[in-house]
Amino acid sequence: MSMKNLVAIILAFALYGSAVAQTLERDFPLSFKVKVSNLSDAARENCMVIISPDDIQKQTKKFNSKAFVVLDKAVEIPSQYNTEDIDKGIVFVIPKLEKRESKEFTIRYHATDVKPRNYTKRTQAELSHKVDGKFVNREYIGGTFKNVDYLRVPPEHKDHSWFIRYEGPGWESDKVGYRFYLDQRNATDVFGKKGPEMVLQNVGLDGFDSYHEIQPWGMDVMKVGKSLGVGSIGAFENGKTIRVEKTDSVTCRITENGVVYSSILTNYYGWKLGGKKYDVQSTISIHAGTRLSHQILSVTNNPDTLCTGIVKDKLAKVFKSKGDAQHWGYIATYGNQSLNNDALGLVVFFNPANALGFKEDEFSEIIALKPNMGKLEYYFEGAWELEANGISNETEFLSYIQSMASQLSQPVSAR
């Protein structure tokens, strides 16, 4: 390419960028700044930033969540506005922050208009069940699947009732997908993905459990059985795990289904445990560019202990860390434990301040956790060998979980 042509291309890009910037300033005339800082000594990728309503109010009283954009200088960053109480506000994901780096972002908005943006979808949450059929005993006969935002689980519904597509709600990022069984099992499973596209909307439509075999998009890569799967809610009593099995009722709601953030809210009413009953509220969320699912629990009657963990597998090594002031603790497993007989890494991260100790039973590696005033949070994830540009060996996996443990102890700041 000649120097003359190169200069012409550069000039064309500059003029295009200037035109885009002028259009954004016209469409979104009001603005404020946000400074985001990585306070750690390591670079990090795909950092989620949440600007809460309170922080927005400190900047402006006129912000309009139906007409705004987030800019990194002149480059528009995909974003959304969450309306739920947990992680409410402006949400966007920064591709990379170098160690000790701070960057300033501009939030531009229009005070009154509605101006939706069209971004590539990098997360998803969905819940699909059959309609226009009926339960005969505990099996749902006939009907077709319909996506819904809310479901009160029918009392007739149990495992393999053929009522809910892939047996529960699902959520995914461009890295990985998950589901949990919305029945008496209440355990979490992993969908390995071969590419970044959203796939859950098609899973289970071509045969109720076809996802147990390798598909062009990926597959269910983990066998849950009677275990905690990965990150499932449980309690540890008399040497064994009790999942959230016996309840009075359960409701499930898709709270966010956005381009960079999605979440699911589940209420378990009257969980019967040790002669008492507890109401458990669970919020699971995921953001673009990460494998991590964030689990937040709120439990009534202030239980002394809850637990979570990972399914045991003879083909996988187990790794544990109690954590410290600079790292969250974790339980992890790695080996050829996937249903495709290839490598799968599983990990649960927990705050050391909540940790009561490692345990195990016949089916699961377990961490016992003490809620703080009925509140508890942890993270979990799966990393499959066939994931695009994914983790391919044990050394990479261990390096990755050490990095994540450090990042969780010191999230990015935004002000």
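You'll find the structure just up there.
I will try to describe carefully the structure that is included in this document.

Each value, and the rule that gives it
Residues numbered from 1 in each chain as written. Predicted model: local features only at pLDDT ≥ 70, side-chain atom pairs only at ≥ 80, totals over all residues. Heavy atoms only, no water. Helix = DSSP H or I, 4+ residues; strand = E, 2+ residues; numbered from the N terminus. Contact = heavy atoms within 4.5 Å. Core = buried A, V, L, I, M, F, W, Y, C linked by side-chain atoms within 4.5 Å. Buried < 20%, exposed > 50% of the residue type's maximum accessible area, 1.4 Å probe, protein only. Pairing = 2+ DSSP bridges. Phe/Tyr/Trp six-rings, centres within 6.5 Å; stacked < 30°, edge-to-face > 60°.

## Things to note about the environment of Thr188
Positionally, Thr188 belongs in strand β14 (residues 188–193). Excluding anything up to four places from it in sequence, Thr188 contacts Trp171, Arg179, Phe180, Met222, Val224, Gly229, Val230, Ser232 and Phe380.

## Details of the nonpolar core
Residues Trp171 and Leu182 are the most contacted members of the largest nonpolar core, which totals 51 residues. Counting 19 residues, the second largest nonpolar core, distinct from the first, contains Ile51, Phe92, Leu97 and Phe105.

## Structural notes on the sheet that holds strand β3 (residues 68–72)
Across the sheet, which stays open at both edges, the five strands sit in the order β4-β3-β7-β1-β29 with antiparallel pairing between neighbours. With partners counted over all chains shown, the strands left at the sheet margins are β4 (75–77) and β29 (413–414), one partner each. As paired strands, β3 and strand β7 (residues 102–109) are joined by four bridges and run antiparallel to one another. Its bridge partner being in β7, Val70 is matched across the sheet by Ile107.

## Let's talk about the packing of aromatic side chains
Here a ring pair, both rings aromatic, is described through the centre-centre distance and the interplanar angle of the planes. Taken as a whole and judged by the stated rule, the model has 19 aromatic pairs. On the basis of an interplanar angle of 80° and a centroid distance of 5.9 Å, the ring pair of Phe191 and Trp217 is categorised as edge-to-face. Placement of Phe191 in strand β14 and of Trp217 in the loop between β14 and β15 (218–220) is noted, with a sequence separation of 26 residues between them. Owing to a relative accessible area of 1%, Phe191 belongs among the buried residues under this scheme. Judged by its relative accessible area of 17%, Trp217 falls in the buried class.

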